[in-house]
Amino acid sequence: MNPKGACTIVGVGETAVGKLPEMTTLGVQLEAIGRAVKDAGLGPKDIDGLLAIQPSNDPQRSYALTVAQAAGIHPSYATDLAIGGATPVAMVAHAVMAIVTGLCSTVVCVLGHKQATGRLEPRHGRLRDGNEDFEEPFGLLGAPAVHACVAARHMHEFGTKSEQFAAVAVAMRRHASLNANATMRKPITIQDVLESRWVVKPFHLLDCCLVSDGAGAVVVTSADRAHDFPKPPVYIWGFGEGHIAGPLQSSSLTTLGGKQASEMAYRMAGVRPKDMDFAQIYDCFTAIVMVTLEDYGFCAKGEGGPWVENGRIEIGGDLPVNTHGGLLSQGHIEGMLHITEAVKQLRGHSVEPERQVNDAKLGIVSGHGASLSAHATLILGREKP
Amino acid sequence: MGEYLKPLPSKNLDDKPLWDSCKNHSMALQRCASCGQFRYPPRSLCPNCHATETEWRPVSGRGRVYVSLVMCHSYGPAWEKDVPYNVSIIELEEGVKMWSNVIGCPPDEVKIGDAVVLVYEDVTEEISLPKFRPAGHQTP
């Protein structure tokens with residue numbers, strides 16, 4: 001069956017983002033869940049599905065059950081998902097699959113972590129990537145380096161310039177400046193990005209996302225019940241995933257899983273890139289936004305550099321991208337807030353008026369992670385398809 | 001020489017032959033005995049044909065730079081004296097890619113497409129790391 005339009009998002013919850021030393025890792029999840037369930041006009045007894053992710057700063061087994069128990073939820077469907085920054089988008093897709101197959105009726109998807117201050121907690125850990133033996137002895141350390149490979153290949157294959165990557169950072173910062181719940185709100189220029197220190201060439205510091213504490217959650221339920229809730233429902237039109245070989249095995253570092261994932265989502269939804277009023281693109285690093293916009297068909301492969309320049313991806317431009325400021329400037333909650341922001345844009349009257357996309361009807365959301373390997377796409381709409 | 005503080009390969013059952021071959025300064029890669037495809041990192045199943053029989057073949061040691069990065073941020077005390085240093089993806093003549101370092105030249109000078117040759121860095125009694133240096137102008 002085509003699950004297009006079968007489910008809606010009826011509640012969203014966000015915590016503050018930034019440094020939250022006064023909250024535990026479990027505490028941020030619970031705050032986001034509480035807010036999302038309340039936003040949907042529901043209580044814990046109304047939730048029968050829960051999707052979570054092991055927090056990378058505090059991995060522990062069967063985390064979804066720990067969260068469910070603490071939140072007073074007794075699910076008939078619950079599990080942890082684990083595809084890195086693609087997880088939140090995949091959670092929404094999995095929630096739809098669980099609902100349409102009758103496993104449960106109302107699912108909370110939650111992602112929270114304390115990347116900024118989690119090490120201050122008495123118990124904390126570190127989630128392994130799995131390829132350390134072939135990376136760390138050579139000094140390949142940290143997420144920026146793997147993603148810098150994408151930038152380096154894009155520059156080599158297509159002549160992309162640092163200034164063009166910088167245009168992405170400038171746009172995200174402008175949007176964050178309009179968002180009260182954003183960490184970095186002082187506008188920046190292309191020159192500021194180019195003059196920020198090198199982290200790993202070709203990335204400057206301002207090409208790289210923030211490290212944050214915080215959480216987000218959404219409530220997904222059947223579209224049959226869409227009008228039983230206090231806020232306007234947002235319909236799930238389509239989704240898809242595409243997971244490629246790792247950076248050593250992939251035949252290309254300038255086309256990633258977003259191509260396959262978005263093609264699947266467009267097909268399910270019966271829409272095209274030009275139908276989108278905005279895009280929430282996983283922006284761990286500037287170059288990933290550019291490559292994803294290409295993979296999603298907003299411009300041809302290799303043309304992302306000039307395409308993102310001159311305000312095209314800013315509010316008021318052809319395709320506003322990351323209207324909340326993204327991981328680069330709002331805060332890094334692994335893309336969960338890309339989803340909550342998309343829902344708020346489609347509801348209308350839910351964000352600061354200066355960053356509301358005019359008459360937003362359709363939006364696309366990307367999730368990307370696992371050292372370039374994972375990708376998930378979600379298409380959301382204001383109307384029932 | 002002080003204690004070696006950087007991370008070392010842990011040598012598990014799948015990849016021990018690789019690290020042992022590097023120790024002998026004759027790096028061998030795993031090759032599927034059924035379809036002939038080289039693979040890296042070493043694994044127990046051929047991702048191309050799912051055969052489990054493998055052989056270990058010494059490599060030519062010739063390759064080209066597929067990606068070159070300059071690490072400018074130090075991720076700990078062990079790396080402080082090294083930054084800025086090169087990290088590259090090297091595409092070997094045998095068709096596989098691996099993470100390594102191009103050494104023997106300033107990190108900024110390493111460019112995509114450069115020809116490189118394999119060298120070994122004996123970092124501990126047990127471990128020699130496969131690294132690369134520019135092949136100079138000797139490429140065909």
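Residues numbered from 1 in each chain as written. Chains lettered and ligands numbered in written order. Predicted model: local features only at pLDDT ≥ 70, side-chain atom pairs only at ≥ 80, totals over all residues. Heavy atoms only, no water.

1. Examining the pairing of strand β7 (residues 115-122) of chain B
Residue and element names in this part refer to chain B.
- Here 3 bridges tie strand β4 (residues 62-71) to β7, and the two strands are oriented antiparallel to one another. For Arg62, the partnering residue across the bridge sits in β7 and is Val117.
- Both β7 and strand β8 (residues 128-134) contribute to a ladder of 7 bridges, which runs antiparallel. Pairing of Val116 across the sheet is with Pro134, part of β8. (Pairing = 2+ DSSP bridges. Helix = DSSP H or I, 4+ residues; strand = E, 2+ residues; numbered from the N terminus.)

2. Some details on the sheet that holds strand β3 (residues 54-58) of chain B
- One open sheet holds the 3 strands; their spatial order is β2-β1-β3 (chain B), and the pairing between them is antiparallel. Either end of the sheet is taken by a strand with one partner, and the two such strands are β2 (38-39) and β3 of chain B.

3. What about the packing of helix α5 (residues 162-176) of chain A against helix α8 (residues 286-295) of chain A?
Residue and element names in this part refer to chain A.
- Two elements in contact, α5 and α8, have axes whose closest approach is 8 Å; the angle formed by their N-to-C orientations is 95°. One finds that α5 runs roughly perpendicular with respect to α8. Residues Gln164, Phe165, Val168 and Ala169 of α5 form the contact with α8, whose participating residues are Thr286, Ala287, Val289 and Met290.
- Tallied by class, the residues present in the contact of α5 with α8 amount to 6 nonpolar, 2 polar and no charged. (Axes fitted to C-alpha atoms, helices over the stretch in contact; angles between N-to-C directions. Parallel < 35°, antiparallel > 145°, perpendicular 65-115°, else oblique. Contact = heavy atoms within 4.5 Å. Nonpolar A, V, L, I, M, F, W, Y, C, P; charged D, E, K, R; others polar.)

4. Points about the domain arrangement of chain B
All names here are of chain B.
- Taken domain by domain, chain B consists of domain 1 (12-58) and domain 2 (60-140).
- If you average the C-alpha positions of domain 1 and of domain 2, the two centres end up 21 Å apart.
- Counting from both sides, the interface comprises 11 residues of domain 1 and, opposite them, 16 residues of domain 2.
- For the pair domain 1 and domain 2, the summed buried area comes to about 1200 Å², and 69% of that belongs to carbon and sulfur atoms.
- Our count for the domain 1 to domain 2 interface comes out at 0 salt bridges.
- Across the contact surface, domain 1 and domain 2 share 4 residue pairs in polar contact (both at pLDDT 80 or more).
- For the side of domain 1 that touches domain 2, the elements supplying multiple residues, two or more each, are α1 (16-23) and β2.
- It is α1 that provides the largest number of residues to the side of domain 1 that touches domain 2, a total of 3 residues.
- Of the residues belonging to the side of domain 1 that touches domain 2, the class tally is 7 nonpolar, 2 polar and 2 charged. (Domains from an automatic or database assignment. Buried area = accessible area lost by both parts, 1.4 Å probe. Salt bridge = Lys/Arg side-chain N within 4 Å of Asp/Glu carboxyl O. Polar contact = N/O pair within 3.5 Å; in protein donor to acceptor, adjacent residues only side chain to side chain.)

5. What about the pattern of salt bridges?
- Applying the stated criterion across every chain, the model contains 27 salt bridges over all chains.
- Taking the shortest distance from any N to any O, the salt bridge between Lys231(A) and Asp39(A) comes out at 2.3 Å. Of this pair, Lys231(A) sits in the loop between β7 (213-222) and β8 (234-241) while Asp39(A) sits in helix α1 (residues 25-39), and the two are 192 residues apart along the sequence.
- Of the charged contacts, one joins Asp82(B) and Lys6(B) as a salt bridge, the two residues approaching to 2.4 Å between their closest N and O atoms. Of this pair, Asp82(B) sits in the loop between β4 and β5 (85-92) while Lys6(B) sits in the segment before α1, placing them 76 residues apart in sequence.
- On the basis of relative accessible area, Asp82(B) is assigned to the partly exposed category, the value being 28%.
- One network of salt bridges, with partners in common, ties together Asp359(A), Lys361(A), Arg382(A) and Glu383(A). (Buried < 20%, exposed > 50% of the residue type's maximum accessible area, 1.4 Å probe, protein only.)

6. A word on the nonpolar core
- One finds Leu293(A) and Ile379(A) to be the most contacted residues of the largest nonpolar core, which totals 89 residues.
- Sort the elements by how many residues they give to this core and helix α4 (residues 143-158) of chain A lands first, with 7 residues.
- Viewed by domain, this core spans two of them, domain 1 (12-58) and domain 2 (60-140) of chain B, each represented by three or more residues.
- When near neighbours in sequence (up to four residues on either side) are disregarded, Ile379(A) contacts Tyr235(A), Ile236(A), Trp237(A), Gly238(A), Ala265(A), Tyr266(A), Ala269(A), Val271(A), Met276(A), Leu362(A), Gly363(A) and Ile364(A).
- In terms of nonpolar packing, the next biggest core, distinct from the first, is built from 43 residues, Ile9(A), Val107(A), Leu346(A) and Ala376(A) among them. (Core = buried A, V, L, I, M, F, W, Y, C linked by side-chain atoms within 4.5 Å.)

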